[in-house]
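As a plain string of letters, each chain reads:
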Amino acid sequence: MSDLQNKSRLAVLGASGHGKVVAEIAELNGYEVIFYDDAYPDKQTLAHWSIEGNSDALKKCLDEVDGVAIGIGNNLIRQSKYDFFKELGAAFPVLIHPNAIVSKYAQLGEATVVMAGASINPFALVGTGCIINTKSVVEHDCQVGSFVHICPNSSIAGHCEVGDLAWFGIGSNAIQQISVGKNSIVGAGSVIIRDVPENVTVVGSPAKVIRK
């Protein structure tokens, strides 16, 4: 039997740039990747990978794969796809790049992806379906909700709380013991020194609300 036949099969839904990164991490974890995307059949390839169908096609062959990863950066769409396939009984592994550092005392929810160079430190709690992107840091004792995206080179200091569906733009930072509300957006390069309410966009250093 070939090495390929020995591998677990992982369906990656979302043939995008983010999907490429998720697929590589999956392969580094020993999975054979099968791509699906709702642009199929207009879109049938992604780099060297072939796209086998759309969400309906994946729904019909869930019993032929060992798990599903959502390769979609948009938090709301990622949550929607997760909920849909979770209801159908899909399994969602946690995917961690071999070059990431995740404390044995941290807890990660299913369907979360941790990119290369990221650090998640002791007693951090990360929810379901999160993206902890390249070289980002989630410090000790943080509580990160579900379907959060921590973009590359962003840092959240100790004892912070981040609500569901929040978005930390690239290079943004939060000092310790800060709360960022559900569905809020932290602009790229922003520095958070006070609590951020729900459903707002903040930008700047220090970050200020610019949109509700």
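Remember, it's a predicted structure, so these values are computed and weren't measured experimentally.

(A) Just the overall build of the protein, in detail. Helix and strand counts for the protein stand at four helices and 24 strands. Scaling as 2.2 N^0.38, a compact globule of 212 residues should have a C-alpha radius of gyration of about 17 Å, and the protein matches this with 17 Å. Oriented by its inertia axes, the alpha-carbon framework of the protein measures out at about 55 × 35 × 30 Å. The buried share of the protein, taken over its 212 residues, is 48%. Taking contacts inside the protein between residues at least 6 apart in sequence as the whole, the part at least 24 apart equals 24%. With the model as given, the accessible surface of the protein reaches about 10000 Å², and the carbon-plus-sulfur share is 48%.

(B) How the structure looks around the sheet that holds strand β17 (residues 161-162). In spatial order, the strands read β8-β11-β14-β17-β20; together these five strands make up an open sheet with parallel pairing. Taken across any chain shown, the strands that pair with only one partner, and hence form the sheet edges, are β8 (107-108) and β20 (179-180). Pairing of strand β11 (residues 125-126) with strand β14 (residues 143-144) involves two bridges; the strand directions are parallel. Counterpart to Leu125 in the pairing with β14 is Gln143.

(C) Focus on the packing of aromatic side chains. Going through the model one piece at a time under the given rule, you end up with five aromatic pairs. Judged by centre distance (4.7 Å) and plane angle (50°), the rings of Tyr82 and Phe92 are tilted. Remark: Phe92 occurs in the loop between α4 (75-87) and β6 (95-96) and Tyr82 occurs in helix α4; sequence separation between them is 10 residues. Considering the side-chain rings of Tyr105 and Phe123, the 5.2 Å spacing of their centres and the 10° angle between planes classify their relative orientation as stacked. Taken together, the residues span a long stretch of sequence, with Tyr105 in the loop between β7 (101-102) and β8 and Phe123 in the loop between β10 (119-120) and β11 at a distance of 18 residues.

(D) Representation of the environment of Asn54. Among the secondary structure elements, Asn54 is positioned in the loop between β4 (49-50) and α3 (55-60). Sequence separation between Asn54 and Asp37 is 17 residues, and the spatial gap between their C-alpha atoms is 4.7 Å. Residues within four places of Asn54 in sequence aside, it is in contact with Tyr36, Asp37, Asp38 and Tyr40. Only 3.1 Å separates the side chain of Asn54 from the backbone nitrogen of Asp56, close enough to count as a polar contact.

(E) Just unusual backbone geometry, in detail. Put simply, Tyr40 and Pro41 share a cis peptide bond, and its omega is 10°. Of note, Pro41 is situated in the loop between β2 (31-36) and β3 (45-46). Unusually for a residue other than glycine, Phe147 sits at a positive phi of about 60°. A positive phi is found at Asn183, a non-glycine position, where the angle reads about 65°. Inspection of the secondary structure assignment puts Asn183 in the loop between β20 and β21 (185-186).

(F) Broad picture of the environment of Lys86. Relative to the assigned elements, Lys86 resides in helix α4. Residue class for Lys86 comes out partly exposed when judged on its relative accessible area of 36%. Within polar-contact distance, the side chain of Lys86 engages the side chain of Glu110 at 2.8 Å.

(G) Expanded view of the sheet that holds strand β22 (residues 191-192). Strand order in the open sheet made by the six strands is β7-β10-β13-β16-β19-β22, with parallel pairing throughout. Each edge of the open sheet carries a strand with a single partner, namely β7 and β22. As defined by bridge partners, strand β13 (residues 137-138) adjoins strand β16 (residues 155-156) across two bridges and the pair is classed as parallel. Its bridge partner lying in β16, Val138 is registered against Ile156.

(H) Inspection of the nonpolar core at higher detail. Counting 28 residues, the largest nonpolar core has Ile120, Ile132, Phe168, Val180 and Ile192 as its most contacted members. Excluding residues within four positions of it along the chain, Ile132 makes contact with Val113, Val114, Met115, Ala118, Ile120, Val126, Val138 and Ile150.

Criteria and cut-off values
Residues numbered from 1 in each chain as written. Predicted model: local features only at pLDDT ≥ 70, side-chain atom pairs only at ≥ 80, totals over all residues. Heavy atoms only, no water. Helix = DSSP H or I, 4+ residues; strand = E, 2+ residues; numbered from the N terminus. Rg over C-alpha atoms; globule rule 2.2 N^0.38 Å. Buried < 20%, exposed > 50% of the residue type's maximum accessible area, 1.4 Å probe, protein only. Contact = heavy atoms within 4.5 Å. Areas by Shrake-Rupley, 256 points an atom, 1.4 Å probe, with all protein chains shown as cover. Pairing = 2+ DSSP bridges. Phe/Tyr/Trp six-rings, centres within 6.5 Å; stacked < 30°, edge-to-face > 60°. Polar contact = N/O pair within 3.5 Å; in protein donor to acceptor, adjacent residues only side chain to side chain. Core = buried A, V, L, I, M, F, W, Y, C linked by side-chain atoms within 4.5 Å.

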